[in-house]
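# Notes for the structure review
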Amino acid sequence: MKHIALSFILIATLFSSCGSNGRSSESRQARLDGRVVTDEGEANTTASEITAEMAFEGVSNYCHIAYDWSVAKANSSIMYVQMGEETDSAYQVVFRSYTGAFVNFYVDKASGTTRMEEYVPTLDVRNEAGTITIFDYLEQKK
């Protein structure tokens, strides 16, 4: 009797999943203009929306908040932010501190999640320095 009940449940489960073609109304998505739009109309950012300019602006804003730039007033070449290499999935933005250390920011093109890595060339030491979301440091355009 237990085998019959289990078989019935298994068959019912198989038929219910076949009827929905593997899609539920909650997970249906449509791609429009490089954005993923859910049934609720919410747009999620994709790679086509994060540009090199956005990556640079966000990292620059973060660096101006997180680091003391007053030491660079007399000599602006000792601290700066510049673009690094670009890969298929990320932009690299480099911050140089007045100490000679570098912080490499790897901005994921699809999500905006930004991994930070500190590098001290004189000691040849690299350390993970955390993550930020680049969108938190972009100025809101009104």
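Keep in mind that what you see is a predicted model, and the values were worked out from it rather than measured.

### Notes on unusual backbone geometry
- A positive phi angle, close to 50°, is found at aspartate 124, a residue other than glycine.
- By the element assignment, aspartate 124 lies in the loop between strand 7 (113-120) and strand 8 (125-133).
- Residue aspartate 124 is classed as exposed on the basis of its relative accessible area, which comes to 58%.

### Thoughts on the confidence of the model for the protein chain
- Put simply, the protein chain has an average pLDDT of 75, and 64% of its residues get 70 or more.
- Confidence, read as mean pLDDT per element, is least for strand 1 (residues 29-32) in the protein chain (32) and greatest for strand 6 (residues 102-108) (98).
- For the stretch residues 1-48, pLDDT sits under 50, and the model shows 35 contacts to residues farther than four places along the chain or on other chains.

### Some thoughts on the side chain of asparagine 104
- Structurally, asparagine 104 is set in strand 6.
- A relative accessible area of 7% places asparagine 104 in the buried class.
- For asparagine 104, the side chain forms a polar contact with the side chain of glutamine 92, separated by 3.1 Å.
- Once you skip the residues sitting within four places of it in the chain, asparagine 104 turns out to touch Gln92, Val93, Val94, Arg115, Met116, Glu117, Tyr119 and Arg126.

Conventions used here
- Residues numbered from 1 in each chain as written.
- Predicted model: local features only at pLDDT ≥ 70, side-chain atom pairs only at ≥ 80, totals over all residues.
- Heavy atoms only, no water.
- Helix = DSSP H or I, 4+ residues; strand = E, 2+ residues; numbered from the N terminus.
- Buried < 20%, exposed > 50% of the residue type's maximum accessible area, 1.4 Å probe, protein only.
- pLDDT = per-residue confidence, 0-100.
- Contact = heavy atoms within 4.5 Å.
- Polar contact = N/O pair within 3.5 Å; in protein donor to acceptor, adjacent residues only side chain to side chain.

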